[in-house]
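Understanding the architecture of this molecule
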Amino acid sequence: MKPLRSLINGWAEAELSVTSRLQYGDGLFETVAVQDGRLLLWPEHGRRLAVGGERLGLDPIDPTALKMEAEGLAAGVGLAILKVVLVRGAVGRGYRPEAAPTDRVLTLWPWPSGPRFKERAPVFWCETRLARQPLLAGMKHLNRLEQVLAQREFADPYWEGLMRDTQDWVIEGTMTNLFVVERGALTTPILDQAGVAGVMRERVIVRARELGIDVHFDRLTKDRVMEADEVFLCNSVIGARPVLDLGKGPRRPGPITATIEAALRGSRDAVVL
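The structure reproduced in this document is the subject of the present report. (Residues numbered from 1 in each chain as written. Predicted model: local features only at pLDDT ≥ 70, side-chain atom pairs only at ≥ 80, totals over all residues. Heavy atoms only, no water.)

**A look at the sheet that holds strand 2 (residues 27-35)**
Using the following cut-off: Two strands are counted as paired when DSSP detects at least two bridges linking them. The helix and strand labels rest on DSSP assignments: H or I over at least four residues marks a helix, E over at least two residues marks a strand, and numbering proceeds from the N terminus. The contact rule is simple, with two residues in contact once any of their heavy atoms fall within 4.5 Å. The axes are straight lines fitted to the C-alpha atoms, using for helices just the contacting stretch, and the angles between their N-to-C directions are given from 0 to 180°.
Reading across from one edge, 1-5-4-2-3 is the order of the five strands in this open sheet, with antiparallel pairing throughout. Here the strands that pair on one side only, and so sit at the sheet edges, are strand 1 (5-8) and strand 3 (38-39). Examined bridge by bridge, strand 2 and strand 4 (residues 79-87) share nine bridges and lie antiparallel to one another. For Thr31, the partnering residue across the bridge sits in strand 4 and is Lys83. Its contacts with the sheet put helix 1 (residues 42-56) on strand 2, strand 3 and strand 4, and the angle it makes with strand 2 is roughly 175 degrees.

**Some details on the packing of aromatic side chains**
Worth spelling out the cut-off: Aromatic rings from Phe, Tyr and Trp, with only the six-membered ring used for Trp, were paired whenever their centres fell within 6.5 Å, and each pair was classed as stacked if the ring planes differed by under 30 degrees, edge-to-face if by over 60, and tilted otherwise. Accessibility here uses a 1.4 Å probe with only protein chains present; expressed as a share of the type maximum, an area under 20% marks a residue as buried, one over 50% as exposed, and anything in between as partly exposed. Criterion for a charge above a ring: Lys NZ or Arg CZ within 6 Å of the ring centre, and within 35 degrees of the ring normal.
This model, assessed by the stated rule, comprises four aromatic pairs. When the centroid spacing of 5.2 Å and the interplanar angle of 70 degrees are considered together, the rings of Phe124 and Tyr158 count as edge-to-face. Note that Phe124 is positioned in strand 6 (residues 123-130) and Tyr158 in the loop between helix 3 (145-151) and strand 7 (160-165), a separation of 34 residues in sequence. The class of Phe124 is partly exposed, set by a relative accessible area of 21%. Cluster of aromatic residues (ring-pair linked, three or more members): Phe124, Phe154 and Tyr158. Cation over ring: Lys83 sits above Phe29, and NZ or CZ is 4.7 Å from the ring centre.

**As for the environment of Leu136**
Following the sequence through the fold, Leu136 ends up in the loop between strand 6 and helix 3. Judged by its relative accessible area of 33%, Leu136 falls in the partly exposed class. In this structure, the C-alpha to C-alpha distance between Leu136 and Gln193, residues 57 residues apart in sequence, is 7.9 Å.

**Points about the pairing of strand 11 (residues 215-218)**
Defined as follows: Here a crossover is taken to be right-handed if, once the strands point away from the viewer, the path from the first strand over the helix to the second is traced clockwise.
Where strand 10 (residues 185-189) and strand 11 come together, four bridges link them in parallel fashion. Counted as the bridge partner of Leu186 is Val215 from strand 11. Remark: the strand 10/helix 4 (residues 199-210)/strand 11 crossover connection has right-handed handedness.

**Description of the packing of helix 4 against helix 6 (residues 255-266)**
The cut-off we apply is this: By definition in this entry, angles of less than 35 degrees are roughly parallel, angles greater than 145 are roughly antiparallel, angles of 65 to 115 are roughly perpendicular, and the rest are oblique. Only Asp, Glu, Lys and Arg are considered charged in this grouping, and only Ala, Val, Leu, Ile, Met, Phe, Trp, Tyr, Cys and Pro are considered nonpolar; every other residue, Gly among them, is considered polar.
The interhelical angle for the contact between helix 4 and helix 6, taken along N-to-C directions, is 105 degrees, at an axis separation of 10 Å. Our classification of the angle between helix 4 and helix 6 gives roughly perpendicular. Contact residues: helix 4 offers Met200, Arg203, Val204, Arg207 and Ala208, while helix 6 offers Ile260, Ala263 and Leu264. Taken together, the residues of the contact of helix 4 with helix 6 sort by class into six nonpolar, no polar and two charged.

**Looking at the packing of helix 1 against helix 4**
Heads up, the rule is: Crossing handedness is defined as follows: a turn of the near helix away from the far one that is anticlockwise and smaller than a right angle gives a left-handed crossing, while the clockwise case is right-handed.
Packing of helix 1 against helix 4 leaves a shortest axis separation of 10 Å and a crossing angle of 120 degrees. The pairing of helix 1 with helix 4 is recorded here as oblique in orientation. Crossing handedness for the pair helix 1 and helix 4: right-handed. Contact residues: helix 1 offers Glu44, His45, Arg47 and Arg48, while helix 4 offers Val199, Glu202 and Arg203. Within the contact of helix 1 with helix 4, the residues separate by chemical class into one nonpolar, one polar and five charged.

**Quick notes on the environment of Val196**
In this fold, Val196 is placed in the loop between strand 10 and helix 4. Put simply, Val196 and Pro157 are 39 residues apart on the chain and 25 Å apart in space, counted from C-alpha to C-alpha.

**As for the nonpolar core**
Put simply, the test is: Remark: nonpolar core denotes a set of buried residues (Ala, Val, Leu, Ile, Met, Phe, Trp, Tyr, Cys) joined through side-chain atoms within 4.5 Å.
One finds Leu162, Leu178, Val225 and Leu246 to be the most contacted residues of the largest nonpolar core, which totals 23 residues. For this core, the secondary structure elements donating two or more residues are strand 6, strand 9 (177-182), helix 5 (222-227) and strand 12 (230-235). Setting aside residues no more than four positions away along its own chain, Leu178 makes contact with Leu162, Val170, Glu172, Thr187, Thr188, Pro189, Leu220, Val225, Val231, Phe232 and Leu233. Core analysis: the second largest hydrophobic core is formed by 20 residues, Leu7, Leu28, Leu49 and Ala80 among them.

**Re the environment of Glu172**
As a reminder, the rule being used: In the analysis that follows, any N or O atom pair within 3.5 Å is treated as a polar contact, provided that within protein one partner can donate a hydrogen and the other can accept it, and provided that, for residues neighboring in sequence, both atoms belong to side chains.
In this structure, Glu172 sits in strand 8 (residues 170-173). A relative accessible area of 3% places Glu172 in the buried class. Between the C-alpha atoms of Glu172 and Thr188, which are 16 residues apart in sequence, the distance is 8.9 Å. Ignoring any residue separated from it by four or fewer positions in sequence, one finds Glu172 in contact with Leu130, Gln147, Gly161, Leu162, Met163, Asn177, Leu178, Gly195 and Val196. Within the local environment of Glu172, its side chain forms a polar contact with the backbone nitrogen of Val196, the two atoms lying 2.8 Å apart.

Have a look at this one:
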């Protein structure tokens, strides 16, 4: 699959230097759903980039210019995925960073399809563990080798894999955040040691509370996830999606998950297919 369009530092024909700090994973990225030219949840994506950039000490970018570049790529597009990458500017070689403007890489990709996006596709339990590192927890930084190794463990018909940390707590999917439903309330893992605090996770929490659904943050074991009344995964591309097969026989779609799905669609927080 090739990108539909791309921009590097605002230029369509530009290239990153071979000394780019992409080689160290020294940056951040966002995956933005595009529908009818709209950048869904753009304010949330922008805020997370700003917060993550401050945590990593990246040279600040102009958020207005970034939005204009993103809107330019998305203009006239019915359905697509925009990937926004910020990379610390490169000066010389070596791990020690030096002051340099942050590089911006924007690529527009076709909307995904296939077995992974069938609702009843099963979810896999990965053996690859997430390292615990509070300095990076919550950020969507560019070092995704743990997710790469985890996704090598499974293939179709599995569409996603759940990951635990090195203390065996369930953290997230390889590309999604996790929620379980227990006695009518939502619980999502605490992400203070590992994991990505996704923008759709944030929006699910907001919508659930607006609907009067309690939301809790806790350490989750595999057994607790398996025994939950409902399980669903979310990200900015799929919205909220029920897990109907987690290796213990098929599950029925649950009412809380359906309520959350409907609330996201109704508020235009998620793509409507």
